[in-house]
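Coordinates in review
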Amino acid sequence: MRRLIALAALFGCTPACASETGANVNFHLTAHPVGWLALALFVLAYVAVILEERIHLAKSKPVVLAAALIWGLIAWMTGGAGGTHEAQQAFDAMFLEYSEIFFFLVVAMTYVTAMGERNVFEALRTQLTRRRFSYRSLFWITGLLAFSLSPMLDNLTTALVMSAVILAVGAGNGRFTTLALINLVVAANAGGAWSAFGDITTLMVWQANKAQFFDFFHIFAPALVNWLVPALAMNFALPKGSPEPAEGSSPIKHGGISICLTFALTVAITVIGRQWLGMPATYGMLTGLALLNLLATRIDYRQRHYALAQGMEPQTYSIFRIIANAEWDTLLFFYGVFACVGGLAALGYLELASTHLYGNLGFTAANSIMGLLSAIVDNIPIMFAVLKMNPPMDQGQWLLITLTAGVGGSLLSVGSAAGVALMGASRGQYTFMRHLRWSWAIALGYVASIALHLWMNAHLFGGH
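Residues numbered from 1 in each chain as written. Predicted model: local features only at pLDDT ≥ 70, side-chain atom pairs only at ≥ 80, totals over all residues. Heavy atoms only, no water.

**Comments concerning the environment of Pro381**
Take Pro381: it is sitting in helix H19 (residues 379–389). Residues Pro381 and Cys340, 41 residues apart in the sequence, show an inter-C-alpha distance of 8.7 Å. When near neighbours in sequence (up to four residues on either side) are disregarded, Pro381 contacts Phe42, Tyr46, Val337 and Val341. (Helix = DSSP H or I, 4+ residues; strand = E, 2+ residues; numbered from the N terminus. Contact = heavy atoms within 4.5 Å.)

**Comments concerning the packing of aromatic side chains**
As enumerated under the stated definition, the model contains 26 aromatic pairs in all. Grouping aromatic residues by their ring pairs yields a cluster made of Phe139, Trp140, Phe147, Trp194, Trp206, Phe213, Phe214, Phe217, Phe220 and Trp227. (Phe/Tyr/Trp six-rings, centres within 6.5 Å; stacked < 30°, edge-to-face > 60°.)

**Observations concerning the pattern of salt bridges**
This structure, assessed with the given rule, holds three salt bridges. Close ionic contact of Glu117 with Arg118 constitutes a salt bridge, the shortest N to O distance being 2.6 Å. A relative accessible area of 29% places Glu117 in the partly exposed class. Look at Arg118 and you get buried, because its relative accessible area is 3%. A salt bridge links Asp300 to Arg304; its shortest N-O distance comes to 3.2 Å. With Asp300 and Arg304 both in helix H14 (residues 281–309) and four residues apart, the pair spans about one turn of that helix. The exposure class assigned to Asp300 is buried, which follows from its relative accessible area of 16%. (Salt bridge = Lys/Arg side-chain N within 4 Å of Asp/Glu carboxyl O. Buried < 20%, exposed > 50% of the residue type's maximum accessible area, 1.4 Å probe, protein only.)

In structure tokens:
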């Protein structure tokens, strides 16, 4: 509640616009044609997202349009009965939740882009490809790096960075490349599941106060098992031998290491602000953006001074220019998803789903099924839907849905942002069908991770 009021002040809203009434309003229109039409709009928008590569339509466009139409229908339907104010409150509450995620993502993307511009990731790729590691060693190294980097960089960024390494060292060996990319998707998704920074879903759970920052560490071991089980199965299918070492070098540009250290400081400020000061995560991230801007001024001065000394045309270095190159399609896609699911919640669909799913099956079965659904529907609307349902679960169950929503998408190549991105980046070496051949092994890891979490929650963390 305090988080929403603070953000309301930031955007010029009154505290009333962020009230619990607005967040939990239910117009009970699931049996009305308007409700059916809204649900159909959401399904059509998501079909367009799935077919993004085939129809060449950016994923943000259909969901943002669907969101506008859904909320327009809600406002029109409820306006005649004097419910316009409630519809506005519901939209404001949804938008304030999204805005906190938005600023968090903008800063995180800015840091990642800044590190990429300073050759941080390219230097890592060069160092790995120059060493004479075997294919098997590279398989485990890239998987371990993905699992380790994903909690900090997020699973999508990690997958894109590490895929460059795999495609470089695996050129000419299709079997290694395919297996390594499948392993990369599983490792990146599993690594992102045990950190508040690792995935949008974990960030959403953290922001909703369902788990504290250090509570996510409880699912580290289950997430690790989720990756290790399919990785061990794929290990026996890897080719023998070693790739040829890469030529040349890619040193980190001036300021690259400082940006990495500043990012680490930003993460620390965010955690301290959230855990001990009670401030939203955006407080720490925007503080880190201020620090990055100060560092950019120093980098810009050094870069200009060096260029003038060499008799070259000086080029400015600006963080605002980096922000302009952020993944705005992804940011707007997240808005469309939040708005669509928020609209369906206002219509009453999530309460209906909560009654039938969580009420009849029990929390463990329901959370496991929701994780499986995230392999078909992106995990972001799945998690947002569960948060909107707000079933009366204990912390162990909230961590379970965090785990299943984070790793369930690994079952299919289209089930996670990392998988979808690699299908485009791999130039046909990572496809839906090639991933599907190993879904059985990934499913074993999925079941093993759930079983381990339930055991640990019952015997180590005092859950029930």
